[in-house]
Amino acid sequence: IDSLIYEGSSGINAEYGGVGYRADIMETELKKEEERLGITITLSYEDEPLGTAGPIALAREILLEEPDKPFFVLNSDVVCHYPFQKMLDFHEKHGREGTICVTKVEEPSRYGVVVYAEDGQIDRFVEKPSSFVSNKINAGLYLFNASILERIEMKPTSIEKKIFPAMCKEGELFAMELQGFWMDVGQPKDFIIGATLYLDHCAKHRPDLLSKNESCLGNVLVHETATIGRNCQIGPDVVIGPNCVIEDGVCLQRATIMKGSKVGSHTWISNSIVGWKCNIGRWVRMEGVSVLGEDVTIKDELYVNGGRILPHKEIGASVPNPAIIM
């Protein structure tokens with residue numbers, strides 16, 4: 001949301017989002033963002049999962065309020081430098097129905113790749129090619145004309161498998177190469193990498209966002225309502241959310257601490273994600289891509305290595321090997 005405002009896309013004053021699981025929490029948080037940024041955010045609720053295209057049909061009425069304006073569609077599990085204005089310029093230049101961003105990857109055989117001409121017109125998509133045909137993949141950022149709504153029915157539909165191939169055949173889909181960092185953050189280890197990439201981007205382009213606290217080393221983002229105790233070492237690559245309490249002597253590296261969590265004194269956390277409202281005791285050690293769900297308590301002097309702990313659990317014994325705690 002901040003990127004839509006900051007990156008300079010003129011005329012962005014409203015956003016639309018499709019939600020399903022735990023929609024009430026999403027609605028509460030987005031209401032706060034709506035007030036903070038002075039924009040309108042409208043949510044739709046899926047009674048059944050509608051895939052990657054169906055939610056666009058669900059928004060038909062809103063999107064057709066200004067049928068002459070293109071609209072962005074963004075995958076919510078992607079973090080990158082969002083080039084909204086460049087997308088608008090590119091889309092206007094080629095004049096067709098759709099634009100997608102693509103990004104370069106080192107191992108294209110793991111992905112479905114995009115094959116396109118020098119001017120960006122997409123020829124085809126190839127799923128996990130056994131031999132090299134392209135090293136560009138769909139980055140999950142799209143810009144469409146309202147006419148795409150005629151292609152999408154109100155039912156579970158894959159935009160990648162059904163809508164895009166049809167647009168390619170008609171010469172209506174173009175690719176724009178994404179510059180800068182990109183990461184799919186749908187898995188915990190990738191979320192940690194994505195946070196690191198984002199913080200590096202902030203250091204280069206938005207250094208004002210990073211913490212100047214004397215305990216912080218490297219790129220660290222700390223919400224203004226969080227508190228940090230004495231003799232801590234925070235960073236590099238740490239995010240601390242609202243109303244968090246970091247007690248004395250804590251060491252955090254490559255970690256995200258979400259809203260309302262408390263980290264007890266002399267605890268050491270690395271390569272881990274701490275969910276909302278967690279309470280981590282004193283002298284705890286967490287590492288190995290450990291993930292805590294909401295409202296998890298870790299007792300004092302425990303070791304958690306690669307633990308995936310579901311919400312509302314109290315952990316009273318160490319987790320020395322990667323495990324899911326239900």
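Now for a look at the structure at hand. (Residues numbered from 1 in each chain as written. Predicted model: local features only at pLDDT ≥ 70, side-chain atom pairs only at ≥ 80, totals over all residues. Heavy atoms only, no water.)

1. Remarks on the overall build of the protein
- Along the protein, the regular secondary structure elements total seven helices and 26 strands.
- Computed over the C-alpha atoms, the radius of gyration of the protein is 22 Å, within 12% of the 20 Å expected from 2.2 N^0.38 for a compact globule of 326 residues.
- When the backbone C-alpha atoms are referred to their principal axes, the protein occupies close to 65 × 50 × 40 Å.
- Taking the contacts inside the protein whose residues are at least 6 apart along the sequence as the reference set, 39% of them involve residues at least 24 apart.
- Of the roughly 17300 Å² of accessible surface on the protein, 50% is carried by carbon and sulfur atoms.
- Between the mean site of the 33 positive side-chain charges and the mean site of the 47 negative ones, the protein shows a separation of 5 Å. (Helix = DSSP H or I, 4+ residues; strand = E, 2+ residues; numbered from the N terminus. Rg over C-alpha atoms; globule rule 2.2 N^0.38 Å. Contact = heavy atoms within 4.5 Å. Areas by Shrake-Rupley, 256 points an atom, 1.4 Å probe, with all protein chains shown as cover. Lys, Arg positive; Asp, Glu negative; His and termini not counted. Charge placed at Lys NZ, Arg CZ, Asp CG, Glu CD.)

2. Some thoughts on the pattern of salt bridges
- The final tally for this structure, using the stated rule, is 17 salt bridges.
- One salt bridge in this structure joins Arg124 and Asp123, with 2.6 Å as the shortest N-O distance.
- Relative accessible area serves as the criterion here: at 46%, Asp123 is assigned to the partly exposed category.
- Salt-bridge contacts for Glu287 lead to Arg285; the nearest nitrogen and oxygen are separated by 3.6 Å.
- According to the relative accessible area criterion, Arg285 is partly exposed, its value standing at 37%.
- The network of salt bridges with common partners includes Glu29, Lys32 and Lys259. (Salt bridge = Lys/Arg side-chain N within 4 Å of Asp/Glu carboxyl O. Buried < 20%, exposed > 50% of the residue type's maximum accessible area, 1.4 Å probe, protein only.)

3. Examining the nonpolar core
- Residues Ile234, Ile240, Leu252, Ile269, Ile280, Leu292 and Ile298 are the most contacted members of the largest nonpolar core, which totals 28 residues.
- At the level of secondary structure, the elements contributing two or more residues to this core comprise β14 (238-240), β16 (251-257) and β18 (268-274).
- If we ignore the near neighbours within four places in the chain, the residues touching Ile280 are Lys262, Val263, Gly264, Thr267, Ile269, Val274, Met286, Leu292 and Ile298.
- One finds Phe71, Val73, Tyr142 and Ile148 within the second-largest nonpolar core, a separate group that totals 23 residues. (Core = buried A, V, L, I, M, F, W, Y, C linked by side-chain atoms within 4.5 Å.)

4. Considering the packing of aromatic side chains
- According to the stated counting rule, one finds seven aromatic pairs in the structure shown.
- Between Phe71 and Phe144 the ring centres are 6.1 Å apart and the planes differ by 70°, which places this aromatic pair in the edge-to-face class. One end of the pair, Phe71, is in strand β3 (residues 71-74); the other, Phe144, is in strand β8 (residues 136-144), with 73 residues separating them in the sequence.
- The exposure class of Phe71 is buried, given its relative accessible area of 10%. (Phe/Tyr/Trp six-rings, centres within 6.5 Å; stacked < 30°, edge-to-face > 60°.)

5. A word on a nonpolar patch on the surface
- On the surface, Leu310, Ile324 and Met326 cluster together into a nonpolar patch covering about 340 Å² of accessible area.
- Mapped onto the elements of the fold, Ile324 is located in strand β26 (residues 323-325).
- On the accessibility criterion, Ile324 (60% relative accessible area) is exposed. (Patch = residues over 30% accessible without salt bridge, like charges linked within 9 Å, V, L, I, M, F, W, Y side chains within 5 Å.)

6. Some remarks on the sheet that holds strand β22 (residues 297-298)
- Ordered in space as β12-β15-β17-β19-β22-β25, the six strands form an open sheet in which the pairing is parallel. Each end of this open sheet is capped by a strand with a single partner; those strands are β12 (227-228) and β25 (314-315). (Pairing = 2+ DSSP bridges.)

7. Some thoughts on the environment of Leu149
- Among the secondary structure elements, Leu149 is positioned in the loop between β8 and α6 (159-169).
- Judged by its relative accessible area of 3%, Leu149 falls in the buried class.
- Along the primary structure Leu149 and Ile56 are separated by 93 residues, whereas in three dimensions their C-alpha atoms are 7.4 Å apart.
- Apart from residues no more than four positions distant in its own chain, Leu149 is found in contact with Ile56, Arg60, Leu63 and Leu64.

8. Topic: helix α2 (residues 23-37)
- Between the first and last C-alpha of α2 there are 21 Å, a value that for 15 residues agrees with the 21 Å anticipated at 1.5 Å per step.
- Within α2 the residues assigned to the buried category are Ala23, Leu30 and Glu34. Taken end-on, α2 shows its buried residues confined to a sector of 55°, consistent with a single buried face. Residues of α2 that are exposed and point more than 90 degrees away from the buried face comprise Asp24 and Glu35.
- Following α2 by one or two positions, Gly38 has its phi on the positive side, about 70°. (Expected span 1.5 Å × (residues − 1). Arc of directions from axis to C-beta.)

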